[in-house]
Amino acid sequence: MTTAPSTTTDEAPRPPAPAPAKSAGAGLRPLVLRLHFYAGVLVAPFLLVAAVTGLLYAASFQAEKIVYDHELTVPVGERELPVSAQVAAARKAHPEGTVAAVRPSPEPDATTRVMLSGTPGVDPGHTLAVFVDPYTGEVRGALEQYGSTGALPLRTWIDEFHRDLHLGEPGRLYSEFAASWLWVIAGGGLVLWFSRRRALRTVRGTGGRRRTLALHGGVGAWAAAGFIFLSATGLTWSAHAGASIGDLRAALGQETPSVSAAATGEHAGHDSAAATAGDAAHGVGLDKVLAAARAEGLGDPVEIVPPADAGSAYVVQQIQRSWPEKQDSVAVDPATGQVTDVLRFADYPVLAKLTRWGIDLHTGILFGLVNQLALMALALALILLILWGYRMWWQRGRGSGFGKPIPRGAWQQVPPYVLVPLLALIAVLGYFVPLLGIPLAVFLAVDIVLGEIAHRRGLRTNASGTTAR
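Only a predicted model underlies this, so the values are computations on that prediction, with no experimental measurement involved.

1. Let's talk about the overall build of the chain
Line of reasoning, step 1. The helix and strand inventory of the chain stands at twelve helices and eight strands.
Line of reasoning, step 2. In the form shown here, the chain has an accessible surface area of approximately 25,400 Å², with 64% of it arising from carbon and sulfur atoms.

So, in structure tokens, the structure goes:
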């Protein structure tokens, strides 16, 4: 039989060891979880629309080539007609409007595009593209065109649906709202995924909510970098955050430059350099202007923009947005045919280059089909993540309804030395990205009010219970 060891008077019992202090990461996780949950629930419908329409847009480049094959391609001939003759053929078939730009055939089997502005029945922000066979001068069709990438009706419709739901400027708020929150949700998901124990991330051998969570987290972790990129680049040309980014670039001297279109020849401004309305035959004409641009090294594809008035020059600019990008441009005096200004893409400021590359990668142009397939994969991943997220919420309610929200008070577990800088960072981001800052402020205000109501209701309940005793 054993006895417990006795404690002598000089051996005082040891005080219990204090509980280990929570790390900043452990205290931050509940806050991130609550933010990720509510942002996912409230923003997910907007993200779902953006993902579906983005998937369609990425596929529209290849669909456009199939649908408009007759207008875009021609049998390869022996010798191309002068650009001026091709424009004359387009103007004979479509004398309405004025010539806004000309895109000579960039490949042996491609048509030349003559873009007309101010044509009846065409959106004022679009042009009518007349497609001309460069070998025979045959007009193979005319289609409404939009944007610098030359989007035709199918891609234009999908593009505008993705951007603003065909609601105009008010509709752009939806896409900016989605882009403003996508990086927050993706970043929060990454934090949650890597803070979980490795065993809880496994999909194999699991079922129910745990399996859904593992799928949601695993796919989200792999796709997070792509989502953050899409969010950042999408904001660069949004209505409100885009304006802030533009102001910042201007303040840093990083705006996208443009070639000077002022004519400097001795006949600049004279009637000899002026145009006959809508025929693009300014001064020396399109053929000599294109030859001057070729002499400066501007290879296909290029776009020729006629002078805006008698005091302006032609502008010839490369329009290749696929890698390697060709974005050089020159100005050509219509009176003399001499190059008056040259702008090389290599001389663009760093942020201007990054913005150009970011937008082209976001829209699926930079790396062609590979780029478009990657965007479709990201869009599909986002759709699945949203569906899995709502499924987890349903499974949390044990399949009879959506589960309870994440409880309040998570911010109280965050150490002050982390919470204060975090709040300052959120305030700065909210100022520059208002569709992140304003909804977040509204959510916090509503959450505080609801919490205070619940607290006072609890006090009244406790008080009545005490009185009843």
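Picking up where we left off.
2. Side note on the nonpolar core
Line of reasoning, step 1. Core analysis: the largest hydrophobic core is formed by 34 residues, its most contacted members being Val43, Leu47, Trp181, Phe227 and Leu382.
Line of reasoning, step 2. Residue assignment for this core shows that the elements contributing at least two residues are α1 (24-67), α5 (172-195), α6 (208-236), α10 (368-396) and α12 (434-468).
Line of reasoning, step 3. Counting residues per element, this core draws most heavily on α5, which supplies nine residues.
Line of reasoning, step 4. Those residues in contact with Leu47 that lie beyond four places of it in its chain are Ala178, Leu182, Ile185, Leu382 and Ile386.

3. Considering the packing of aromatic side chains
Line of reasoning, step 1. Evaluation of the coordinates by the stated rule reveals twelve aromatic pairs.
Line of reasoning, step 2. Consider the rings of Phe46 and Phe177, whose centres lie 4.9 Å apart with planes at 80 degrees: the pair is edge-to-face. Here Phe46, found in helix α1, pairs with Phe177, found in helix α5; they are 131 residues apart in sequence, far enough to count as distant.
Line of reasoning, step 3. For Phe46, a relative accessible area of 34% puts it in the partly exposed group.
Line of reasoning, step 4. Between Phe345 and Trp357 the ring centres are 6.0 Å apart and the planes differ by 70 degrees, which places this aromatic pair in the edge-to-face class. In this pair, Phe345 is assigned in the loop between β8 (339-343) and α9 (350-362) and Trp357 in helix α9, connecting sequence segments twelve residues apart.
Line of reasoning, step 5. Looking at Trp357, the relative accessible area reads 26%, which means it is partly exposed.
Line of reasoning, step 6. Put simply, the rings of Phe37, Tyr38, Tyr390, Trp393 and Phe443 touch in pairs and so form one group of aromatic residues.

4. Some details on the pattern of salt bridges
Think of it this way: side chains of opposite charge can pair up when their charged atoms draw near.
Line of reasoning, step 1. Evaluation of the coordinates by the stated rule reveals eleven salt bridges.
Line of reasoning, step 2. Put simply, Glu138 and Arg140 hold a salt bridge, and the shortest N to O gap is 3.8 Å.
Line of reasoning, step 3. A relative accessible area of 14% places Arg140 in the buried class.

5. A word on the environment of Leu385
Line of reasoning, step 1. Summarising the element assignment, Leu385 is placed in helix α10.
Line of reasoning, step 2. Once the C-alpha coordinates of Leu385 and Ala223 are considered, the two residues, 162 residues apart in sequence, prove to be 10.0 Å apart.
Line of reasoning, step 3. Once you skip the residues sitting within four places of it in the chain, Leu385 turns out to touch His216, Val219, Gly220 and Phe227.

6. Side note on the confidence of the model for the chain
Line of reasoning, step 1. Across the chain, the average pLDDT comes to 87, with 83% of residues at or above 70.
Line of reasoning, step 2. Below pLDDT 50 for its whole length, residues 1-13 participates in one contact with residues either more than four positions away or in separate chains.
Line of reasoning, step 3. Below a pLDDT of 50 lies the segment residues 270-278, which in the model reaches 17 contacts outside its immediate sequence neighbourhood of four places, other chains included.

7. Things to note about unusual backbone geometry
Line of reasoning, step 1. In this model, Asp300 is joined to Pro301 through a cis peptide bond whose omega is -5 degrees.
Line of reasoning, step 2. Looking at the element boundaries, Pro301 is found in the loop between α8 (286-295) and β5 (302-305).
Line of reasoning, step 3. A cis amide bond, omega -5 degrees, links Trp323 with the succeeding residue Pro324.
Line of reasoning, step 4. As for its position among the elements, Pro324 is in the loop between β6 (314-318) and β7 (329-332).
Line of reasoning, step 5. The backbone of Leu165 shows a phi angle near 60 degrees, a positive value even though the residue is not glycine.
Line of reasoning, step 6. If you trace the backbone, Leu165 turns up in the loop between α4 (153-164) and α5.
Line of reasoning, step 7. Of note in the backbone geometry, His166 takes a positive phi value of approximately 60 degrees without being a glycine.

The rules behind these values
The numbering scheme is per chain: residues are counted from 1 as the chain's sequence reads. Where local features are concerned, this predicted model is filtered to residues with pLDDT of at least 70; where side-chain atom pairs are given and counted, the filter is 80 or more; whole-chain, interface and lining totals use all residues. Working from all heavy atoms in the structure, the side-chain values ignore hydrogens and water. Secondary structure counts use DSSP, requiring at least four H or I residues in a row for a helix and at least two E residues in a row for a strand, with both numbered from the N terminus. The Shrake-Rupley method, run with a 1.4 Å probe sphere, supplies the accessible areas, and residue values consider only the shown protein chains as cover. Only buried residues count toward a nonpolar core, which is a set of Ala, Val, Leu, Ile, Met, Phe, Trp, Tyr and Cys residues joined through side-chain atoms within 4.5 Å. Buried, partly exposed and exposed residues are distinguished by accessible area as a fraction of the type maximum, computed with a 1.4 Å probe on protein chains only: under 20%, between the cut-offs, and over 50%, respectively. By definition, residues are in contact when any of their heavy atoms lie within 4.5 Å. Side-chain rings of Phe, Tyr and Trp, where Trp is taken by its six-membered ring, are said to pair if the distance between their centres is within 6.5 Å; with planes under 30 degrees apart they count as stacked, over 60 as edge-to-face, and otherwise as tilted. When a carboxyl oxygen of Asp or Glu lies within 4 Å of a side-chain nitrogen of Lys or Arg, that pair is called a salt bridge. pLDDT measures the predictor's confidence residue by residue and takes values from 0 up to 100.

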